[in-house]
Amino acid sequence: MGGLLSGAWIDHTVNGLIVGNIYALLAVGLALIFGVSHLINFAHGSVYMVGAYIGWACFRLLDAPLPVTLLAVAGGCALLGVAIERIGLRPLAGSARIAPLLATIGIGLVLDQLAQLAFTPDPRALPSPLPDWRIQIGGGTIGALDLLIAGVGVGSAALLYGFLRFTKLGWAVRATALDRDAAQQCGVDVNAVNRAVYAIASALGGVSGLLVGMYYNAIDPYMGFQAGLKGIVAQLIGGMGNVPGAIAGSLLLGLTESYGIALFGTSYRNLFAFVVMVLVLALRPNGLFSRARQTPPEPLTGTFVAPSRPVRIPGWLLWALGIAAAALPLAVQNAYVLQTLGNAWLYAVLALSLTLVAGTVGQISLGHAGLLAIGGYASALLALDAKLPVALAVPAAGVVTAVLGTLLVSPAFRLRGHYVSVATLGIGEIVALVILNWESVTRGPIGVVGIPPLSAFGTPLLSAPWVYWIPLAAVALVAQVQARLLGSHLGRTLRAIREDEVAARAYGVGLDRYKGLAFGVAGFAAGIAGALMAHVYSYINHETFHAPISVLALTMVILGGLGNVAGAILGAVALVGLPELFRAAAEYRMLIYGVTLLLLIRFRPQGLLGTV
């Protein structure tokens, strides 16, 4: 490789700094929003994607010059940011802190799906209008676009510093970030501050999307998800709400990724980001550039768990519904309908696992797709490589997922608030990336093919009724176990942790132990769901259990009611089964999920059947 100053390493250093500048535009905006709202804006990546498409429209359709395009992107995304704050988030000002966080997830889903419907999922080229010359520096080179990105990054940082330091609105932003209530009592219009912050943050995010599109000469409707996560990681490294720390964390993240690619290859690029994030959260959750000791964040749930009485379904009605569901294949012969409902039952098992940790314990997990992946791969590899019968591989996969999932999530047990959601999201991404890169075990990007079908005593169960009945039986079993758990002393202890961790600890409750028990039970259920999916699908790869599944599962449990066993099943059937059965709605599935999540948070946070 030569020395550190060889041409290749100079190029990697330049690339790391350029990518770090792009991350900084995202992370600074996220830090500003967190500073005034104490909110992680998961819709920020979608704004970044919208900026890229505004730039594409300016270049391709209007033939606009670069300066005009930059202004159009900044202005358009600033207006979008104001709309997000005014329409999507301000009505939730009096809600618990989980409500706006979930709302930003829903807004992101809606924006991504609208972009896909408007521009198709196919990538589009976004060539740079800058001249294609490069300056030689030692053995490396720097191009015009590199200088533009560096200039935009440094210039934005300077303008932002001047705005915060020397303008009245900037002073108001700093005062609101320091103490929102005190600033409001002193006459600061906190709504105007919020508008300004969301406008500035969204403008920076949109410009970064345009620059990335020009840098890689490609944009697509899904580009915002990973970019938004990178911005969140950079902000966490620097310290939540710390603008200089966000810049430093972004540059550090860019260099880490670039050097990691040089040493291990491009497939490891995202893995470095999430490993660094989990390490920072575990060892220094306030960030590398913030004070070591800060007031711990409040729990995310609290008043979001509505005080309304949950709907109690009589036992005879549950039995009647169960018998009717079991008898359905005898009356319905359509294989597509049975397979679709069988898939809904599999997601119901996943929703049951999530409602235990999110609704009962109050740990909002955004990485449950990772548990599905562990279960799916464990069962598939046990059946293929260890020649274990499917009937034994499936429960064994549940045990593997329970143990491994709990170990992976255990660093997040001592975290609170938004940190839990971000940590679980990062762990889910790490699982997917390890599966992608561990080729000797997981087959890497090729995936696992020829997975044995569901069977009993060596007899394959391939017909549509069996694909329906077996997941239904898993739902019934997991639901029964979970209902008994919630009615026990253990269930009451888990709900006590949800309501007030400090009080629970004061009464002698071992928080880590009980959280570990909850994640263990949830991991077993999610592992069973993933294992059954693998044997039903017969082929899986690292993209089969992608991150949006975690958001879908969270939407299911909120729709049914957090902690509500029957509600989780209802939410899965409503969000997975119905859109597939109505073919016209299938194309708009993610849009339906996003709109459903937003409406529930705004008008029915306790869900259809109420929280337990």
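Residues numbered from 1 in each chain as written. Predicted model: local features only at pLDDT ≥ 70, side-chain atom pairs only at ≥ 80, totals over all residues. Heavy atoms only, no water.

Novice: Even after reading the chapter, I still don't get a nonpolar patch on the surface, so can you show me in this structure?
Specialist: A surface patch of nonpolar side chains, amounting to about 430 Å² of accessible area, comprises Trp316, Leu317, Leu318 and Leu321. With respect to the helices and strands, the residue Leu321 is situated in helix H12 (residues 315-331). (Patch = residues over 30% accessible without salt bridge, like charges linked within 9 Å, V, L, I, M, F, W, Y side chains within 5 Å. Areas by Shrake-Rupley, 256 points an atom, 1.4 Å probe, with all protein chains shown as cover. Salt bridge = Lys/Arg side-chain N within 4 Å of Asp/Glu carboxyl O. Helix = DSSP H or I, 4+ residues; strand = E, 2+ residues; numbered from the N terminus.)

Novice: Sorry if this is basic, but what is going on with the confidence of the model for the protein chain here?
Specialist: Mean pLDDT over the protein chain stands at 84; residues scoring 70 or higher make up 93%. The weakest mean pLDDT in the protein chain belongs to helix H24 (residues 583-586) at 58; the strongest belongs to helix H14 (residues 368-384) at 93. Residue range residues 1-5 is modelled with pLDDT below 50. Its contacts to residues more than four positions away, or to other chains, number 8 contacts. (pLDDT = per-residue confidence, 0-100. Contact = heavy atoms within 4.5 Å.)

Novice: So what exactly am I meant to see when it comes to the nonpolar core here?
Specialist: Generally speaking, soluble globular proteins have nonpolar side chains that are buried together. Formed by 185 residues in total, the largest nonpolar core has its most connected members in Phe42 and Tyr347. Among the elements that line this core, the one with the most residues is helix H1 (residues 7-37), at 16 residues. Once residues within four sequence positions are removed from consideration, Tyr347 is found in contact with Met533, Ile549, Leu552, Met556, Ala572 and Val576. (Core = buried A, V, L, I, M, F, W, Y, C linked by side-chain atoms within 4.5 Å. Buried < 20%, exposed > 50% of the residue type's maximum accessible area, 1.4 Å probe, protein only.)

Novice: I'm lost on the pattern of salt bridges in this one. Help?
Specialist: Opposite charge on two side chains permits pairing when their charged atoms draw close. Tallied over the full model, the rule gives 4 salt bridges. Here Lys230 and Glu257 are joined by a salt bridge, their closest N and O atoms 3.0 Å apart. Note that Lys230 is positioned in helix H9 (residues 223-238) and Glu257 in helix H10 (residues 243-264), a separation of 27 residues in sequence. One exposure class covers both Lys230 and Glu257, and it is buried. With a shortest N-O distance of 3.0 Å, Glu501 and Lys515 are connected by a salt bridge. Remark: Lys515 occurs in helix H21 (residues 511-537) and Glu501 occurs in helix H20 (residues 501-506); sequence separation between them is 14 residues.

Novice: Would you explain the domain arrangement of the protein chain in this entry?
Specialist: Looking at the protein chain, the domain boundaries give domain 1 (8-294) and domain 2 (315-603). Each of domain 1 and domain 2 has a C-alpha centre, and these two points are 32 Å apart. At the junction of the two partners, domain 1 supplies 38 residues and domain 2 supplies 33 residues. Interface area, domain 1 with domain 2, both sides summed: about 3,100 Å², of which 80% is carbon and sulfur. Of all residues in domain 1, Leu102, Leu109 and Gln113 give up the largest surface area on contact with domain 2, accounting jointly for 18% of the area buried on that side. Scanning the region where domain 1 abuts domain 2 turns up 0 salt bridges. (Domains from an automatic or database assignment. Buried area = accessible area lost by both parts, 1.4 Å probe.)

Novice: Looking at this model, I keep getting lost on the packing of aromatic side chains. Mind explaining?
Specialist: Given two aromatic rings, one states the distance between the centres and the angle between the planes to describe the pair. For the structure on display, the rule yields 7 aromatic pairs. Summarising the aromatic geometry, the rings of Trp466 and Trp469 are spaced 5.5 Å apart at their centres and angled 75° between planes, so their arrangement reads as edge-to-face. With Trp466 and Trp469 both in helix H18 (residues 464-486), this residue pair falls 3 residues apart, about one helical turn. With a relative accessible area of 38%, Trp466 lands in the partly exposed category. The class for Trp469 is partly exposed, based on a relative accessible area of 26%. Every member of this aromatic cluster is reached through a ring pair, and the members are Tyr53, Trp56 and Phe119. Against the face of Trp56 rests Arg124, its NZ or CZ located 4.7 Å from the ring centre. (Phe/Tyr/Trp six-rings, centres within 6.5 Å; stacked < 30°, edge-to-face > 60°. Lys NZ or Arg CZ within 6 Å of the ring centre and 35° of its normal.)

Novice: For this particular structure, what's the right way to read helix H22 (residues 548-560)?
Specialist: Side chains of residues three or four places apart in an α-helix project in the same direction, reflecting 3.6 residues per turn. For H22, with 13 residues, the first-to-last C-alpha span of 19 Å sits near the 18 Å given by 1.5 Å per residue. Among the 13 residues in H22, 12 count as buried, and that is most of the element. Every buried residue of H22 is accounted for by Ile549, Ser550, Val551, Leu552, Ala553, Leu554, Thr555, Met556, Val557, Ile558, Leu559 and Gly560. (Expected span 1.5 Å × (residues − 1).)

Novice: Would you mind showing me how to read the environment of Leu486 here?
Specialist: Secondary-structure assignment places Leu486 in helix H18. On the basis of relative accessible area, Leu486 is assigned to the buried category, the value being 9%. Expressed as a C-alpha distance, the spacing of Leu486 and Asn564, which sit 78 residues apart in the sequence, is 9.5 Å. Ignoring anything within four residues of it in the chain, the contact list for Leu486 reads Leu356, Thr360, Gly491, Arg492, Arg495, Gly563 and Val565.

Novice: Any chance you could explain helix H6 (residues 168-178) here in plain terms?
Specialist: Those residues of H6 that sit buried are Gly170, Ala172, Val173 and Thr176. Angularly, the buried residues of H6 cover 155° about the axis, an arc narrow enough to put them on a single face. Away from its buried face by more than 90 degrees, H6 exposes Lys168 and Leu178. (Arc of directions from axis to C-beta.)

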